[in-house]
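Okay, here's what each chain looks like letter by letter:
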Amino acid sequence: MRCYNRSVLLIALVACSAAFAQGPTYQRGRTPTQEEIRAWDISISPSGMELPPGKGTAKEGANIYAQKCAECHGPTGAEGDFRHGRLVGGKGTLNTTRPIITLGSFWPFATTIWDYINRSMPMYRAGSLSADEVYALTAVLLYRNGIIQENDVIDAKSLPKIQMPNRNGFFPTKPVWKPGTKREFGLYP
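Because the structure is predicted, anything quoted here is derived from the model rather than measured.

Lay out the state of the cysteines in plain terms, naming residues and giving numbers.
Per the counting criterion, the structure on display carries 0 disulfides. Lacking any disulfide linkage, C69 is separated from the closest cysteine sulfur, that of C72, by 8.5 Å. A residue is classified by how much of its surface remains accessible, and C72, at 30% relative accessible area, is partly exposed.

Next comes the structure, spelled out in structure tokens:
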């Protein structure tokens, strides 16, 4: 019993000291500069307003893919395993008993592909790709999934306009149910 009381007291002291360390008395930390906020703010929305300048085609992306992506995702992107993920194929399988979730079958927005590649690929060297390389890789993956043509130029203006096959396969962000009306099957509180 005595050991239990000491543990509780120790946990309480640590929690309190952490809370006090955040106060102005200790003068730790600082407000980030606008430049630091811009450097961290790399999210790309479905509208693509935040996309940087640059461009790429599937032909350009094929070489980059072979050098930087094929090691994990396979030569065409359809060979990915459970760790690295399959990137190509799966169109029309989402409503089957064995859906194949890929960029072409599941993802609703092409800008999300650009964002994901830019933030986290290649593995262990994330952020090492230029904007043009990310556009080219996005283009080659869209081409291999049959969404764009090989010579289509992908840039900040054209990428948000691409209609992904599963664009309308998600629930709306705002519920369509209104109070006082009967709820559709599957809509629960």
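How would you sum up the packing of aromatic side chains? Please name residues and give values.
In total, this model carries 2 aromatic pairs according to the counting rule given. With centroids separated by 5.9 Å and ring planes inclined at 85°, the aromatic side chains of W107 and Y116 adopt a geometry described as edge-to-face. Above the face of the Y65 ring, R144 is positioned so that its terminal group lies 4.7 Å from the ring centre.

Explain helix α5 (residues 110–120) to me, using residue names and the numbers behind them.
Taken together, the buried positions of α5 are occupied by A110, T111, I113, W114, D115, I117 and N118. On its buried face, α5 is in contact with α6 (131–144).

Go over the pattern of salt bridges, please, and point to the residues and values.
Side-chain pairs of opposite charge can arise whenever the charged atoms involved come near each other. Taken as a whole and assessed by the stated rule, the structure comprises 3 salt bridges. Across the pair D115 and R119 runs a salt bridge whose closest N-O atoms are separated by 2.9 Å. Note that D115 and R119 are positioned in helix α5 at a spacing of 4 residues, about one turn of the helix. Owing to a relative accessible area of 38%, R119 belongs among the partly exposed residues under this scheme.

Which residues make up α6, and what values do they have?
If you check α6, its first and last C-alpha atoms are 20 Å apart, about what 14 residues at 1.5 Å a residue would give, namely 20 Å. Those residues of α6 that sit buried are V134, Y135, A136, L137, T138, A139, V140, L141 and L142. Among the structural elements, β1 (55–56), α3 (58–68), α5 and β2 (154–155) are those in contact with the buried residues of α6. With its phi angle positive at about 75°, G146 sits one or two positions after the end of α6.

Reading guide: rules and limits
- Residues numbered from 1 in each chain as written.
- Predicted model: local features only at pLDDT ≥ 70, side-chain atom pairs only at ≥ 80, totals over all residues.
- Heavy atoms only, no water.
- Disulfide = S-S within 2.5 Å.
- Buried < 20%, exposed > 50% of the residue type's maximum accessible area, 1.4 Å probe, protein only.
- Phe/Tyr/Trp six-rings, centres within 6.5 Å; stacked < 30°, edge-to-face > 60°.
- Lys NZ or Arg CZ within 6 Å of the ring centre and 35° of its normal.
- Helix = DSSP H or I, 4+ residues; strand = E, 2+ residues; numbered from the N terminus.
- Contact = heavy atoms within 4.5 Å.
- Salt bridge = Lys/Arg side-chain N within 4 Å of Asp/Glu carboxyl O.
- Expected span 1.5 Å × (residues − 1).

In short, the description is geometric, and any link to function would need to be established separately.
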